[in-house]
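Coordinate analysis (summary)
These are the residues of each chain, in order.
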Amino acid sequence: MLTIKDIKQAEKNGITETALRSRIYHGWSKEKALTSPMRKTLDKYYEIAEKNGISKQLVRTRIYQHGWPLEKAITRPKQKTKIYSEEHEKAVKNGLNITYQNFVNRIKKGWTIEEASTTPRGLTPENKDRVLEYRKYKNIALSNGISANTYSARIRSYGWDPERAATEPINEQYKEK
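Every value quoted in this text rests on a predicted model; they were computed, and no experiment measured them.

1. Thoughts on the environment of Gly27
Relative to the assigned elements, Gly27 resides in the loop between helix H2 (17–25) and helix H3 (30–35). Taking the C-alpha atoms as reference points, Gly27 and Ala91, separated by 64 residues in sequence, lie 50 Å from one another.

In structure tokens form, the structure reads like this:
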């Protein structure tokens with residue numbers, strides 16, 4: 001219940017009686033309702049925030065959604081959200097087809113920035129060389145008339161090295177007619 005004393009205190013703080021009653025109705029504590037500045041009184045603080053690189057919207061979000069004190073809301077620097085954005089952009093320009101989030105996830109897993117920037121999708125630093133060699137010889141196999149299935153079977157089932165699997169001609173008795 002609001003008293004006349006509460007209403008007078010609110011007015012001293014630049015808060016109208018209507019605003020005070022609305023705040024209480026919407027579940028604000030009496031203390032917060034009596035002391036939180038009205039939005040229109042924030043104009044002078046927005047200028048300070050702007051000088052600190054903080055937008056009006058961020059100030060409002062910090063105060064009204066997160067309950068930050070005004071001083072903290074207008075002075076605390078924004079967090080840098082994309083700390084690897086330059087590295088990611090460079091990797092994309094160099095032909096790496098990867099999202100920013102996947103790039104960051106690689107670094108969180110312990111990859112170096114170099115590995116995260118140069119390793120194609122679907123590979124890891126551990127298997128990169130082996131898979132790239134496999135793909136290189138697979139293309140050679142295809143150009144030699146050896147199917148991808150035959151090439152793969154020669155390596156996996158028969159234990160052939162990729163070069164032999166890609167270059168040794170198919171035995172005539174197994175060729176399709």
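2. Thoughts on the packing of aromatic side chains
Summed over the entire model, instances satisfying the criterion amount to one aromatic pair. Plain terms: the ring middles of Tyr134 and Tyr151 are 5.1 Å apart, the flat faces sit at 50° to each other, and that makes the pair tilted. Taken together, the residues span a long stretch of sequence, with Tyr134 in helix H10 (residues 128–143) and Tyr151 in helix H11 (residues 148–156) at a distance of 17 residues. When its relative accessible area of 0% is taken as the criterion, Tyr151 is described as buried. Residue placement shows Lys32 over the ring face of Trp28; its charged tip is 4.8 Å from the ring centre.

3. Focus: the confidence of the model for the protein
Scored by pLDDT, the protein comes out at a mean of 88, with 94% of its residues at no less than 70. By mean pLDDT, the top-scoring element of the protein is helix H12 (residues 162–167) (94), and the lowest-scoring one is helix H5 (residues 56–65) (88).

4. Some words on a negative patch on the surface
Among the surface-exposed residues, Asp129, Glu133, Asp161 and Glu163 lie close enough to one another that they form a single negatively charged patch. Considering the arrangement of structural elements, one finds Asp161 in the loop between H11 and H12. Judged by its relative accessible area of 42%, Asp161 falls in the partly exposed class.

5. What to know about the environment of Glu71
As for its position among the elements, Glu71 is in helix H6 (residues 70–75). As for Glu71 and Val59, which are separated by twelve residues in sequence, their C-alpha atoms are 10.0 Å apart.

6. Concerning the packing of H10 against H11
With their axes 9 Å apart at the nearest point, H10 and H11 run at an angle of 130° to one another. Accordingly, the angle class assigned to the pair H10 and H11 is oblique. As for the relative orientation of H10 and H11, their crossing is right-handed in sense. Facing Glu133, Tyr134, Tyr137, Lys138, Ala141 and Leu142 of H10, the residues of H11 in contact are Ala148, Tyr151, Ser152, Ile155 and Arg156. Taken together, the residues that form the contact of H10 with H11 break down as seven nonpolar, one polar and three charged.

7. Concerning H11
The set of residues buried in H11 consists of Tyr151, Ser152, Arg154 and Ile155. Relative to the axis of H11, the buried residues are bounded by an arc of 160° and lie together on one face. Relative to its buried face, H11 has exposed residues pointing more than 90 degrees away, namely Asn149 and Arg156. Buried residues along H11 sit against H10 and H12.

8. Quick notes on the side chain of Lys128
Checked against the element boundaries, Lys128 lands in helix H10. Buried charge without a salt bridge: Lys128, with Asp129 as the nearest opposite-charge side chain at an N-O distance of 5.9 Å.

9. Side note on the pattern of salt bridges
Oppositely charged side chains can pair when the atoms bearing their charge come close. In this structure the tally under the stated criterion is three salt bridges. For Asp6, the salt bridge identified is with Lys30, shortest N-O distance 2.9 Å. Residue Asp6 is found in helix H1 (residues 4–12), and its partner Lys30 is found in helix H3; the two are separated by 24 residues along the sequence. Using a relative accessible area of 10% as the deciding quantity, one classes Asp6 as buried. The partner of Arg21 in a salt bridge is Glu17, and the shortest N-O contact between them spans 3.0 Å. In this pair, Arg21 and Glu17 are both assigned in helix H2, four residues apart and thus about one turn of the helix distant. You can call Arg21 partly exposed: its relative accessible area is 42%. With a relative accessible area of 33%, Glu17 lands in the partly exposed category.

Scoring rules and cut-offs
Residues numbered from 1 in each chain as written. Predicted model: local features only at pLDDT ≥ 70, side-chain atom pairs only at ≥ 80, totals over all residues. Heavy atoms only, no water. Helix = DSSP H or I, 4+ residues; strand = E, 2+ residues; numbered from the N terminus. Phe/Tyr/Trp six-rings, centres within 6.5 Å; stacked < 30°, edge-to-face > 60°. Buried < 20%, exposed > 50% of the residue type's maximum accessible area, 1.4 Å probe, protein only. Lys NZ or Arg CZ within 6 Å of the ring centre and 35° of its normal. pLDDT = per-residue confidence, 0-100. Patch = residues over 30% accessible without salt bridge, like charges linked within 9 Å, V, L, I, M, F, W, Y side chains within 5 Å. Areas by Shrake-Rupley, 256 points an atom, 1.4 Å probe, with all protein chains shown as cover. Salt bridge = Lys/Arg side-chain N within 4 Å of Asp/Glu carboxyl O. Lys, Arg positive; Asp, Glu negative; His and termini not counted. Charge placed at Lys NZ, Arg CZ, Asp CG, Glu CD. Axes fitted to C-alpha atoms, helices over the stretch in contact; angles between N-to-C directions. Parallel < 35°, antiparallel > 145°, perpendicular 65-115°, else oblique. Left-handed = near helix turned anticlockwise from the far one by under 90°. Contact = heavy atoms within 4.5 Å. Nonpolar A, V, L, I, M, F, W, Y, C, P; charged D, E, K, R; others polar. Arc of directions from axis to C-beta.

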